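Structural characterization, general
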Amino acid sequence: MKPSQLSKPALWLVLAMLSALSTEFYTVKIWAANQPAGFSDLYASWWAAHELLLHGRDPYSSAISHEIQTGIYGTPVDPSPEDPTGIGGGFAYPPHAAILFWPLVYLTFPSAQKVFLCVSLLGTLLSLTIWMDALGFRRLPLLWLSVTIFTLGSFPALQAFKLQNPSLIAAALIALTLCCLSSGHFISAGIFLSICTFKPQFTVALIPWLALWTIADWRRRRSLAWSFLATMLLLGAVSAWLVPGWMASFLTVIRAYRHYTYGHSVLDVWFTPGIGSVASALLLVAALTLCRPHRSESPSSPKFLVATSLILAATVVVIPTLAPHAQLLLLPGFLCLLRSPNFRWTPSRFTRTFRSAGWMLLAWPWIAAVGLFLAAVVYPTANLLRFWEVPLYTSPLVPLAVLLALSWLIRDGAKSGEPQPSIPEP
């Protein structure tokens, strides 16, 4: 390869390294500066699974919740009118989530943290590899390395790693589901999809979309439905055995957890919680309707991949959280937008506009983090803590920009009317 051909990929690699280093500095030194020393999203799952599997205790009880709060904050959280028993911040997953953490319950929490970090890092790298392979990215070392560093060095990923949030595992399981679908292993895909439900909000749109896709060719795809339903029945039976009558307790914890974490969607914030819920339902229906014409596509086709990425982007918009780590679900969407000039259909002006807006919104946290990183050379880090929100200004807008860009992109594909067996090499 000529030096001129190497210069651009090398420049992107240097930019990726600078962005990742700056964002890591911002995440650790500024964003997390005032967090309790023991703050970890993993602790609630680890302790609840430990007590449930080893001692048979109810993971949704106020006693377990108070022990989790004490482990994180040093003292239980004070009750409030919205949470009179003070269970907010406790175990907020279905009981079968404890099975995922079963290997960790025999370890001390520091050891469990190290194992989780390694597994989640490998899972994120696997997710990225699956999506890039599925979208037909050429295997150029500098390209893959740059995209990898940009991904791992993004604030959503670094926040998830810092918090040790199980969103990393859920995103990896979703990628594995799509990998199994594209390779024709529908039974394995159904199993992975059912396991994804330990984070139910991540599958609120994906399951209906894959149900539509399965029904479109029931004879060939029915094994996906049967394996999913069989695994869900098994997980439901195990959950009922572990925690009899768990559903009512789970819903109570979820209601308390929403107050504990300000559990509202972007649409709730823009409108009101009531109107936001209606808008979320309508948006999901609109997304499924937009993707419906592509339910007959092969799982390895660009149209199916763009449709699935759109569904995941819609999920981030409607789920009741503003936490940036949920934006890990936007990874395939951004890769689709990065890859869109090489599709066999030409992106329209609206697609290019929304795609540019998405890239600018995505770039802002890196730009702001670089600015804070450079400012730290001159000013003490303590003086920069008041600017901790600056890199997050665009965060609520990113999912919507990606959703709109993918919506127009999938319309471009529908208008092209060309068969799409696979994505060509760039």
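See the structure shown above.
Note that the coordinates shown come from a computational prediction; the quantities given were computed from them, not determined experimentally.

**Focus on the overall build of the protein chain**
Within the protein chain one finds 19 helices and 0 strands. For the protein chain, whose C-alpha radius of gyration is 22 Å, the value lies close to the compact-globule estimate of 22 Å for 426 residues. Expressed along its principal axes, the backbone C-alpha trace of the protein chain runs to roughly 65 × 60 × 40 Å. The 426 residues of the protein chain split such that 49% are buried. Taking all contacts inside the protein chain whose residues are at least 6 apart in sequence as the whole, residues at least 24 apart take part in 78%. Working note: accessible area of the protein chain is about 19400 Å², and carbon and sulfur atoms make up 68% of it. Here the protein chain contributes 26 positively and 16 negatively charged side chains, and the mean placements of these two sets differ by 14 Å.

**Observations concerning the packing of aromatic side chains**
This model, assessed by the stated rule, comprises 21 aromatic pairs. Site record: aromatic cluster; members linked through ring pairs are Tyr-60, Phe-91, Tyr-93, Phe-198, Trp-246 and Phe-250. For the cation-ring pair, Lys-199 lies above Phe-202, with the distance from its terminal atom to the ring centre recorded as 5.6 Å. Note that Arg-221 overlies the ring of Trp-213, its terminal NZ or CZ placed 3.9 Å from the centroid.

So, how was this worked out
- Residues numbered from 1 in each chain as written.
- Predicted model: local features only at pLDDT ≥ 70, side-chain atom pairs only at ≥ 80, totals over all residues.
- Heavy atoms only, no water.
- Helix = DSSP H or I, 4+ residues; strand = E, 2+ residues; numbered from the N terminus.
- Rg over C-alpha atoms; globule rule 2.2 N^0.38 Å.
- Buried < 20%, exposed > 50% of the residue type's maximum accessible area, 1.4 Å probe, protein only.
- Contact = heavy atoms within 4.5 Å.
- Areas by Shrake-Rupley, 256 points an atom, 1.4 Å probe, with all protein chains shown as cover.
- Lys, Arg positive; Asp, Glu negative; His and termini not counted.
- Charge placed at Lys NZ, Arg CZ, Asp CG, Glu CD.
- Phe/Tyr/Trp six-rings, centres within 6.5 Å; stacked < 30°, edge-to-face > 60°.
- Lys NZ or Arg CZ within 6 Å of the ring centre and 35° of its normal.

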